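Examining the three-dimensional arrangement
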Amino acid sequence: MERKTIHLCLAHMSEEGLEQKYIKEAFDTNWVVPLGPNVDGFEKELEAFCGQDKRAVALSSGTAAVHLGLLNCGVGPGDEVIVQSFTFCASTHPVTYLGATPVLVDSEPDTWNIDPELLEEAIKDRIAKTGKIPKAIVPVALYGMPYKIDRIMEIANRYEIPVVEDAAEGFGSRYKGRVLGTFGKYGVLSFNGNKMITTSGGGALIAASDDEWREIMMYATQYRESFPYYQHEKIGYNYRMSNICAGIGRGQMTVLEEHLAHHKHVQALYEELLADVPGIHVHSQPATGEYDSNYWLCTITIDEDVRIKGQEGAYKTIVTSAIGGAAGVIHAASSATTDCQPNDNVEALREFMNQANIEARPLWKPMHKQPVYASVPAYVNGVSEALFKIGLCLPAGPCVSDDDVRYIVETIKDAIER
Ligand SMILES: *Cc1c(COP(=O)(O)O)cnc(C)c1O
């Protein structure tokens, strides 16, 4: 019998179907709008989870949360924002929505996240070159791994630059016991279908004060002033989360701890089963006791000298779908290769696993290697580009069983030529 495809990270609803209960309530009480009791309830639950007296605004996406966080840091046309280069495009694109320029900073090898040394170098160099201080710093919890937030905050505070934490992949990850998204001026969460919990699509911005919370809420709802008619004094956005989506979120909050435990369990099993496979390394959090990653995805690196079956055929055919299948809409690629891509053995392993109904995915291609950011300033040490060439993401979501992990590891072992 053919195996069902094992996906990277699929949504998984609560056993009791609480998501549907909250949605039904929304219909029964006719709150089918982008506000309402589920949105308020979901925000309260996020605030309780985050602690630190934080406030939360539920939004239509994590991308919207990045956008409003930066907007509320005063980012505007002509400004620069420092962003971790090793990330998904939703960290950098909103900088451009605001007419500002991302300044990309490379990673350090321990967490794969923004390198604090290089961050400070970039700040100094931007001030020297432009005479202006960057308007914000965006570290990213890549694959859920906490960034070196103590060092980042120390530098950011010294230069008085606000930090917008992109914890979209790191919901529930902690540093020294404190939830990511609660250290900076703002914290970004995502509830897309493939993240730690889902609202189908959605996100949230975590803020520190009632005043900031109110301002973000104004921007998220078209900046309507209090009059009996529409009165606008600033440009706003239609970014508020729907009461239907928030109903899913409230149900999902009941399984968050379960999901966190499961992701960590899957990671530990990968670490155990792959420990004796030469040339394959599982990326783990630094063992200093400060880091508590949610292990959203398990990531491995593959030494260049590991020979994979079918490696000579890697990149011989043009791929006909965009990664993640974005709405099924693509441009036809004119070539099977670019000037910066994973090694042949990585692509061969991805394809071998694909044939075995396992979804593996290359690491995110660093933004400083993306054609769309070819002309923006970048402070690079080679770490993220090197990782991109040797790395692969493995399935780790709540639908991945122990048996699946064993099968995935056996498939990797099968793929290696000996
Ligand atoms: C998913 C993600 C976001 C936000 O994504 P949405 O899909 O808009 O919710 C932001 N940053 C990173 C790093 C992400 O992975």
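For the structure itself, look to the data block above.
Residues numbered from 1 in each chain as written. Predicted model: local features only at pLDDT ≥ 70, side-chain atom pairs only at ≥ 80, totals over all residues. Heavy atoms only, no water.

Counting its secondary structure elements, the chain contains 12 helices and 15 strands. Against the compact-globule benchmark of 22 Å for 418 residues, the chain has a radius of gyration of 22 Å, which places it among compact chains. Expressed as lengths along the three principal axes of its C-alpha atoms, the size of the chain is roughly 75 × 60 × 45 Å. Scored against the burial criterion, the 418 residues of the chain give a buried share of 56%. Looking at charge distribution, the chain has the averaged site of its 37 positive side-chain charges lying 3 Å from that of its 56 negative ones. (Helix = DSSP H or I, 4+ residues; strand = E, 2+ residues; numbered from the N terminus. Rg over C-alpha atoms; globule rule 2.2 N^0.38 Å. Buried < 20%, exposed > 50% of the residue type's maximum accessible area, 1.4 Å probe, protein only. Lys, Arg positive; Asp, Glu negative; His and termini not counted. Charge placed at Lys NZ, Arg CZ, Asp CG, Glu CD.)

A few words now on the nonpolar core. Phe 42, Leu 46, Ile 82, Tyr 143, Phe 171 and Phe 191 are the most contacted members of the largest nonpolar core, which totals 59 residues. Discounting residues that sit within four places of it in the chain, Phe 171 has contacts with Leu 46, Phe 49, Leu 189, Phe 191, Met 196, Ile 197, Met 253, Leu 256, Leu 260 and Asn 294. If you look at the next biggest cluster of nonpolar residues, it comprises 34 residues, including Val 57, Val 81, Ile 216 and Tyr 223. (Core = buried A, V, L, I, M, F, W, Y, C linked by side-chain atoms within 4.5 Å. Contact = heavy atoms within 4.5 Å.)

With that settled, the discussion passes to the pattern of salt bridges. Side chains that differ in sign of charge can pair as their charged atoms come close. Inspection of every chain in the model, using the stated rule, returns 32 salt bridges. In this structure, Glu 117 and Arg 151 form a salt bridge, with 3.1 Å as the shortest nitrogen-oxygen distance. One end of the pair, Glu 117, is in helix H5 (residues 116-130); the other, Arg 151, is in helix H6 (residues 149-158), and 34 residues separate them in sequence. In this structure, Glu 215 and Lys 234 form a salt bridge, with 3.3 Å as the shortest nitrogen-oxygen distance. Of this pair, Glu 215 sits in helix H7 (residues 210-220) while Lys 234 sits in the loop between H7 and helix H8 (243-253), and the two are 19 residues apart along the sequence. Assessed through its relative accessible area of 23%, Glu 215 is described here as partly exposed. (Salt bridge = Lys/Arg side-chain N within 4 Å of Asp/Glu carboxyl O.)

Right, let's get into the sheet that holds strand S7 (residues 178-179). On the basis of which strands lie adjacent, the open sheet formed by three strands has the order S7-S6-S11 and antiparallel pairing. In this open sheet, the two strands that pair with only one neighbour each are S7 and strand S11 (291-292). (Pairing = 2+ DSSP bridges.)

Strands in a sheet are paired, the pairing made by backbone hydrogen bonds, and the direction either parallel or antiparallel. The four strands lie next to each other as S1-S9-S8-S5, forming an open sheet whose pairing is mixed. Each edge of the open sheet carries a strand with a single partner, namely strand S1 (55-59) and strand S5 (164-166). Each neighbouring strand pair of the sheet contributes to a mean axis angle of 20°, computed without reference to strand direction. Sheet topology places S5 next to strand S8 (residues 186-190); three bridges connect them, and they run parallel. Along S8, the bridge assignment pairs Val 164 with Tyr 186. With respect to the sheet, helix H3 (residues 62-72) is in contact with S1, S5, S8 and strand S9 (203-207), its orientation differing from that of S8 by roughly 170°. (Axes fitted to C-alpha atoms, helices over the stretch in contact; angles between N-to-C directions.)

On to unusual backbone geometry, then. One non-glycine residue, Gln 52, lies in the positive phi region at around 55°. Gln 52 sits in the partly exposed class, given a relative accessible area of 45%.

The environment of the ligand is formed by 15 residues, the closest being Thr 63, Asp 166, Glu 169, Ser 190 and Lys 195. A distance of 2.8 Å separates an oxygen atom of the ligand from a polar backbone atom of Gly 62. Contacts to the ligand include Lys 195, whose side-chain N or O atom sits 3.2 Å from an oxygen atom. Across the complex, the protein chains shield 93% of the 380 Å² of accessible surface that the ligand would expose by itself. Residues that form the shell around the ligand fall into these classes: four nonpolar, eight polar and three charged. (Near = heavy atom within 4 Å. Polar contact = N/O pair within 3.5 Å; in protein donor to acceptor, adjacent residues only side chain to side chain. Areas by Shrake-Rupley, 256 points an atom, 1.4 Å probe, with all protein chains shown as cover. Nonpolar A, V, L, I, M, F, W, Y, C, P; charged D, E, K, R; others polar.)

Moving on, we come to the pairing of strand S12 (residues 298-302). Most of S12 is tucked away: five of the five residues are buried. Residues Cys 298, Ile 300 and Ile 302 of S12 are buried on one face, and the alternating residues Thr 299 and Thr 301, pointing to the opposite face, are buried as well. Here three bridges tie strand S10 (residues 280-282) to S12, and the two strands are oriented antiparallel to one another. Across the sheet, the residue bridging to Ile 280 is Ile 302, located in S12. When S12 meets strand S15 (residues 391-394), the two strands line up antiparallel, connected through four bridges. When the bridges of S15 are listed, Ile 300 appears paired with Leu 392.

The element S1 is largely enclosed, with a buried count of five among its five residues. The alternating pattern of S1 places Arg 55, Val 57 and Leu 59 and Ala 56 and Ala 58 on opposite faces, both of which are buried. Note: S1 against S9, five bridges, orientation antiparallel. Looking at the pairing, Arg 55 lines up with Ala 207 of S9.

The next subject is the packing of aromatic side chains. Considering all chains together, one arrives at 12 aromatic pairs under this definition. With 6.3 Å between their ring centres and 75° between their planes, Trp 296 and Trp 364 make a pair best called edge-to-face. Remark: Trp 364 occurs in the loop between strand S13 (361-362) and strand S14 (378-379) and Trp 296 occurs in the loop between S11 and S12; sequence separation between them is 68 residues. The burial state of Trp 296 is the same as that of Trp 364; both residues are buried. Among the aromatic residues, ring-to-ring pairing joins Phe 86, Trp 112, Tyr 143, Trp 296 and Trp 364 into one connected group. Across from the ring centre of Tyr 22, 4.6 Å away, lies the NZ or CZ of Lys 21, which sits over that ring. The side chain of Lys 195 reaches across the aromatic face of Trp 296, ending 5.8 Å from its centre. (Phe/Tyr/Trp six-rings, centres within 6.5 Å; stacked < 30°, edge-to-face > 60°. Lys NZ or Arg CZ within 6 Å of the ring centre and 35° of its normal.)

Looking at the secondary structure, you find His 259 in helix H9 (residues 256-274). His 259 gets classed as buried once you look at its relative accessible area, which sits at 3%. Here His 259 is in contact with His 12, Met 196, Ile 197, Gln 252 and Pro 398, once residues within four sequence places are set aside.

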